[in-house]
Structures are given as C-alpha cells and as structure tokens.
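# Examining the three-dimensional arrangement
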Amino acid sequence: MTSNFRFRVWNEFSNDLKKEWNYLFSLSQNSFFQDYNWQSLWFDEIIKKNKKKSIIIVGLYDNEKIIAIFPFEIKKFFNLNILCLTGFPFADYLDCLIDENFLYLNSGLENKLFEFLKIQKIADIIQFNNLTIKSNFLKFLKDIKFEKSSFRAFQIIKKQNQIELINKKFVLDTKRQIKRLNSLGNLSFKISNNEIEKKRIIEFFFSHKEKQLIKTNNWNYLKNKNYRNFLYKLFLKNYGHVSYIELNKEIIAVHLGFLENNKFLYIFPTYSEKFLNYSPGNILLFNLINFFFNNGGELFDFTIGNEFYKKKLSNNMINIYYKNLPITFYGKFLIPFLSLKDNLKKIRLINYLFRKIRY
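Residues numbered from 1 in each chain as written. Predicted model: local features only at pLDDT ≥ 70, side-chain atom pairs only at ≥ 80, totals over all residues. Heavy atoms only, no water.

## Some remarks on the nonpolar core
To keep it simple, the criterion reads: Throughout this description, the term nonpolar core refers to a set of buried Ala, Val, Leu, Ile, Met, Phe, Trp, Tyr and Cys residues connected via side-chain atoms within 4.5 Å. Whether a residue is buried, partly exposed or exposed follows from its accessible area with a 1.4 Å probe, protein chains only, as a fraction of its type maximum: under 20%, in between, or over 50%, in that order.
Counting residues in hydrophobic clusters, the biggest one holds 84 residues, and the most contacted among them are Trp38 and Phe70. If you look at the next biggest cluster of nonpolar residues, it comprises 29 residues, including Ile178, Ile245, Phe286 and Phe292.

Okay, here's the thing in structure tokens:
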C-alpha cells in the first residue's frame, strides 16, 4: 500500500484525541507521564489556567491511520515560538507516542514533521528535554545527535537474590531507627486507598514539603496555586500511589508516587521535622522498596536527580538526553542563548552538590 501522510493539530485534549492517544500508548513503551489521564489533567490545571500558556498536539497519519502524536507546549521568546515537550514541571520523562512499525518502514518522516511546523509557522525551535535512551524521539530523530544532560536517573532493578537489592548499610541504619521508634509506640507502614485518608496525607505533604523546599533553598513549586491543584487532584484520584508511616496514629513521613504494573516511580517524599533524628523518610523508603519487590515488582525508579541517596541505593543508572533544535532561520540565532541557559544549570548543579540534604 502506498503511504499517504497527513498531519492533524489539536489545541486541547478532547475525546477524539483520547481515542488516538490511548491506541498509540498501548503500542509503545512510554512512561506513566505520557498517560492520557496524566497529560489531560496537567493541561486542565496548569495550561488552561495560565493565559500565557498554550499547547499544540500534532498527529501524524498514514492512510488515515494514526502513527504518531507529538505533544508540545508553546512558549514565546523574542517573538519566536519555542516548542517544549508537555508535562513541565512534573513529568520526569518526556516523550512522544509512536507506532514503531512505521519507523522502520518509512524514512524521512522527521523532515515531514519539521517542514509542517515551519509552513504552519508553529515553531522556530524545538526543545527536547528529559529523554531516556528508550525515548521514541531518539528513535524518530535517529540521525540527530542528542547531548547528555548533567542529571541522570537511578533505579533498582530486581535480581534473583532480593537481599542484594538494597545497600546493606542503609538497611542496618534504617532497622536501627525503626527499633528506636518502636520503643516510642506503634509504628506502622500504610498505603492509602480511600479519599478521606488521601486528603489528610496530601495536606501533610504540602505543609511539610514546602518547609523542606524553603529550608534547602530549592525551588518552591508549591507556592504556585495551579501546581498545587494539579498535584492534589492527581493523587486524590486513583492515578497516584499514596503511602505513609504513622507513629501512634501521627503521620511522620509521606510519599506520593506512581505504580504502573511492575514499575514504581519514586517522586515526592517528605517527612516531619519533629522526627528528623529518626530518619522517617528512610524508613518509609525502606518499606516501599520491600513492599514493591515482595509483590512482584521489577523496577523501582528514583527518576531524574543526582541526589546521593539515589546513587547509594541503586544498581542501575540511565543517562538523560536533551537537544535544542532550530526549525527556522531565526531559530538558529536563539540556540546560543538556550545553550548558555543549559550551562548555567550545570553551574547550579555543582553548587547544589555541595549542599547537604537529608532524606
């Protein structure tokens, strides 16, 4: 059959997009951050409520069959359009959705996309960030050399002997702290499955995480009302995994993350400063890891970040890739500014590594 390619554009999430999106998602190896429910909630709570933000989702068809979806957020800079992948700032892994069978049967599809964006005056530059080696974009743009990010992602991959999965010193130290807390009363690890309980845990997270962010001089994303609403609705529903530990019915540590089949995404931990000397965050993490692997888990993903505790506990590391790609003549002049911004991030990373952060 002769190929007959065409493009379609969506500027919001809709029922017809959902059908095409879920079809491609079922074929690919995308992360939970590309799930339609995650992305549409992100759009409703973060993009639609900010008049300066908008999206463009480009669908690629061959003979009326959807073969790829490229979701972008549009940003303006000196009257130029910069396309960023959707999900900022909460999607650790960014990507597009693709039927891989068409990648091997057809060449030059990337040029068709760039030409379409150029003709439609949709983009001057595309910023690719937070891509893994398995990213669909790396497969789609196979002739483009992507750059390694300063940040990496760390994981625990299941081995035959589970005892070897966790750093021995971490295990011994954590068990000692558990023993200390047990001497104070009833210590318990729980996973929340009802809405009332989740509300209480999420509010604990907002309160204690914001204090932690301010104390460590990190970006306080919880100051943004739209970001808080997004996280609240995301974890209140069944999209997220909500867990915590209690001492005598008092919450002392919380984690908000994602569980998808045999993968666990460790995203948002926090704890009560009142119990800092007992390492409550480590106790919760210890319980989460054991619970996950004891129940058939295969991959515990700490996601992106060079924090020392992630390196210490992991047995696998993956590189993260990025690329600033000009589409128009004017876009080429903006590349040096974006490269300077990336270099400044690396300098901030060096300063960050000198800070002591306790979990």
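On we go from here.
## Focus: the side chain of Asp99
Inclusion rule: Here a strand is any run of E in DSSP of at least two residues, a helix any run of H or I of at least four, and the numbering for each starts at the N terminus. Positive residues here are Lys and Arg, negative ones are Asp and Glu, while His and the chain termini are left out of the count. Basic side-chain nitrogens of Lys or Arg form a salt bridge, by our definition, when they fall within 4 Å of a carboxyl oxygen of Asp or Glu. Contacts are assigned to residue pairs that have any heavy atoms within 4.5 Å of one another.
With respect to the element layout, Asp99 can be found in the loop between strand E5 (97-98) and helix H3 (100-105). In this structure, Asp99 is buried with no salt-bridge partner, the nearest side chain bearing the opposite charge being Lys65 at 4.4 Å. Excluding its chain neighbours within four sequence positions, the residues that come into contact with Asp99 are Tyr23, Leu24, Leu27, Lys65 and Ile67.

## Remarks on the packing of helix H2 (residues 36-47) against helix H8 (residues 225-236)
Threshold: Only the stretch in contact is used when a helix axis is fitted, and all axes are lines through C-alpha atoms; the angle between N-to-C directions ranges over 0 to 180 degrees. Crossings are classed by handedness, with left-handed meaning an anticlockwise turn of the near helix from the far one by less than a right angle and right-handed meaning a clockwise turn. In this classification, the charged set is Asp, Glu, Lys and Arg, the nonpolar set is Ala, Val, Leu, Ile, Met, Phe, Trp, Tyr, Cys and Pro, and all remaining amino acids, among them Gly, are polar.
Viewed as axis vectors pointing N to C, H2 and H8 meet at an angle of 145°, and their least axial separation amounts to 9 Å. Remark: the crossing between H2 and H8 carries right-handed chirality. Residues Trp38, Leu41, Trp42, Glu45 and Ile46 of H2 form the contact with H8, whose own contacting residues are Asn226, Tyr227, Asn229, Phe230, Lys233 and Leu234. Taken together, the residues of the contact of H2 with H8 break down into seven nonpolar, two polar and two charged.

## Here we look at the environment of Asn130
Note the cut-off: A 3.5 Å cut-off defines polar contacts: any pair of N or O atoms within that distance qualifies, except that in protein one atom must be a possible hydrogen donor and the other a possible acceptor, and neighbouring residues in sequence count only when both atoms are side-chain atoms.
Note on placement: Asn130 falls in strand E6 (residues 125-131). Assessed through its relative accessible area of 25%, Asn130 is described here as partly exposed. Measuring from C-alpha to C-alpha, the distance between Asn130 and Asn316 comes to 17 Å, with 186 residues separating the pair along the chain. Every residue in contact with Asn130, bar those within four places of it in the chain, is listed here: Ala91, Asp92, Tyr93, Leu94, Ile304, Ile320 and Tyr321. A distance of 3.0 Å separates the side chain of Asn130 from the backbone oxygen of Asp92, its partner in a polar contact.

## A look at the packing of aromatic side chains
Rules: By convention, a stacked pair of Phe, Tyr or Trp rings (six-membered ring in the case of Trp) has centres within 6.5 Å and planes under 30 degrees apart, an edge-to-face pair has planes over 60 apart, and any other such pair is tilted. For a ring to carry a charge above it, either NZ of a lysine or CZ of an arginine must fall within 6 Å of the ring centroid while also lying within 35 degrees of the normal to the ring plane.
Per the counting criterion, the structure on display carries 40 aromatic pairs. Arranged with centres 5.9 Å apart and planes meeting at 35°, the rings of Tyr266 and Phe300 form a pair that is tilted. Within this pair, whereas Tyr266 is found in strand E11 (residues 263-271), its partner Phe300 is found in strand E12 (residues 299-304), the two being separated by 34 residues in sequence. Relative accessible area serves as the criterion here: at 0%, Phe300 is assigned to the buried category. Between Phe300 and Phe302 the ring centres are 5.2 Å apart and the planes differ by 65°, which places this aromatic pair in the edge-to-face class. Judged by its relative accessible area of 0%, Phe302 is buried. The cationic tip of Arg6 hangs over the ring face of Tyr61; the distance from NZ or CZ to the ring centre is 4.2 Å.

## Observations regarding the pattern of salt bridges
Per the counting criterion, the structure on display carries 15 salt bridges. Glu45 is the partner of Lys233 in a salt bridge, and the nearest nitrogen-oxygen pair spans 2.8 Å. Linking Lys233 in helix H8 with Glu45 in helix H2, this pair joins segments that are 188 residues apart in sequence. By relative accessible area, Lys233 is classed as partly exposed at 33%.

## A short note on H8
Rules: Multiplying 1.5 Å by the helix residue count minus one yields the expected span of that helix.
Here H8 is twelve residues long and its end C-alpha atoms lie 16 Å apart, about the 16 Å a rise of 1.5 Å per residue gives. Within H8 the residues assigned to the buried category are Asn226, Tyr227, Phe230, Leu231, Leu234, Phe235 and Leu236. As for H8, its buried residues are in contact with H2, helix H7 (195-215), strand E9 (241-247), strand E10 (250-260) and E11.

## Re the pairing of E6
The line we're drawing: Strand pairing requires that DSSP identify at least two bridges connecting the strands.
In terms of residue burial, E6 counts as a mostly covered element, since five of its seven residues are buried. As paired elements, strand E4 (residues 80-85) and E6 share three bridges and run parallel to each other. Residue pairing in the sheet places Leu83 in a bridge with Ile126 of E6. In this structure, E6 lies alongside strand E13 (residues 316-326), joined through five bridges in antiparallel fashion. Residue pairing for E13: Ile125 is matched across the bridge by Pro326.

## Points about the confidence of the model for the protein
Any residue range with low pLDDT should be treated as having predicted coordinates unsuitable for detailed reading. Our working definition: For every residue, the pLDDT score states the predictor's confidence, bounded by 0 at the bottom and 100 at the top.
Put simply, the protein has an average pLDDT of 89, and 91% of its residues get 70 or more. In the model of the protein, helix H11 (residues 329-353) stands out as the element of lowest mean pLDDT, 63, in contrast to E9, which has the highest, 97.

## Quick notes on the environment of Ser183
Summarising the element assignment, Ser183 is placed in the loop between helix H6 (168-182) and strand E8 (187-191). For Ser183, a relative accessible area of 58% gives the class exposed. Residues Ser183 and Asp92 lie 91 residues apart in sequence; the distance between their C-alpha atoms is 39 Å.

## A short note on the environment of Tyr232
Turning to its location among the elements, Tyr232 is positioned in helix H8. On the basis of relative accessibility, which here comes to 22%, the residue Tyr232 falls in the partly exposed class. For the pair Tyr232 and Phe205, spaced 27 residues apart in sequence, the C-alpha separation works out to 10.0 Å. Among residues more than four places away in sequence, those in contact with Tyr232 are Lys199, Ile202, Glu203 and Phe206.

## A closer look at a nonpolar patch on the surface
Put simply, the test is: Every patch collects residues that have over 30% relative accessible area and no salt bridge, joining them within 9 Å if they carry like charges and within 5 Å if they are nonpolar side chains (Val, Leu, Ile, Met, Phe, Trp, Tyr). Each accessible area value is a Shrake-Rupley result obtained with a 1.4 Å probe; residue values ignore everything except the protein chains displayed when judging cover.
Together, Phe77, Phe78 and Phe337 make up an exposed nonpolar region whose accessible area comes to about 360 Å². Turning to its location among the elements, Phe77 is positioned in strand E3 (residues 65-77). Its relative accessible area of 32% is what places Phe77 among the partly exposed residues.

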